[in-house]
Amino acid sequence: MLSTFSLGTWIGLIGTPLLIASGQVLFKLTSATAGTFSLRNVLALLLNPVLLAALLLYGLGTIIWIYVLKAVPLTIAYSFMGLTFCFVPLLAQLFLGEQLTLRYVIGAVFIVAGMIAING
């Protein structure tokens, strides 16, 4: 069944988790400027361009996901969201300097193996 998907569907299946993962990195960057929990700081946070970019990525990912779900059964499509658990640490390492561990690599291999088992 996977081989019958269009290129656009494949881009959506892989691109949506990548957009969500990118949003997570931007949320982390935003957290550095969040300050204490107060009305003033929350209002300032709502105007933070990094937070707005993160929300934009999430919104774009959601719109793309809706079109993916039009073409792909939810049980198949949703397994691709597991890729966020692979993409977030990679992006965190690239943009935040966080360390990748052997446990991460092993976990990512299991996630991809699970996706293959589900969709194979």
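In this report, we go over the structure that sits alongside the text. Within each chain, residue numbers correspond to sequence positions counted from 1 in written order. Totals for whole chains, interfaces and linings use every residue, but because this is a predicted model, local features are given only for residues with pLDDT of at least 70 and side-chain atom pairs only at 80 or more, for both listing and counting. The basis for every side-chain value is the complete set of heavy atoms in the structure, and neither hydrogens nor water enter the calculation.

1. Quick look at the nonpolar core
No. 1: As used in this record, nonpolar core signifies buried Ala, Val, Leu, Ile, Met, Phe, Trp, Tyr and Cys residues forming a set joined through side-chain atoms within 4.5 Å. For every residue, the accessible area (1.4 Å probe, protein chains only) is compared with the maximum for its type, and the residue is labelled buried under 20%, exposed over 50%, or partly exposed between those bounds. Ranked by size, the top nonpolar core spans 16 residues in total, and within it L13, W65, V68, V72 and A77 carry the most contacts.
No. 2: The helix count covers DSSP runs of H or I at least four residues long, the strand count covers runs of E at least two residues long, and both are numbered beginning at the N terminus. Elements that contribute at least two residues to this core include exactly α1 (7–31), α3 (49–71), α4 (74–77) and α5 (84–96).
No. 3: The contacts of L13, once residues within four sequence positions are left out, are F5, W65, V68, A77 and F80. We call two residues in contact whenever any of their non-hydrogen atoms come within 4.5 Å of each other.

2. A short note on the packing of aromatic side chains
No. 1: Stacked, edge-to-face and tilted are the three classes for Phe, Tyr and Trp ring pairs, Trp counted by its six-membered ring, which pair at centre distances within 6.5 Å; planes under 30 degrees apart are stacked, over 60 edge-to-face, the rest tilted. Within this structure, the stated rule accounts for three aromatic pairs.
No. 2: With a centroid separation of 5.2 Å and 55 degrees between ring planes, the pair formed by F27 and Y58 is classed as tilted. Remark: Y58 occurs in helix α3 and F27 occurs in helix α1; sequence separation between them is 31 residues.
No. 3: The partly exposed category is assigned to F27, whose relative accessible area is 24%.
No. 4: An aromatic cluster is present here, built from F5, W10 and F80 joined pairwise through their rings.

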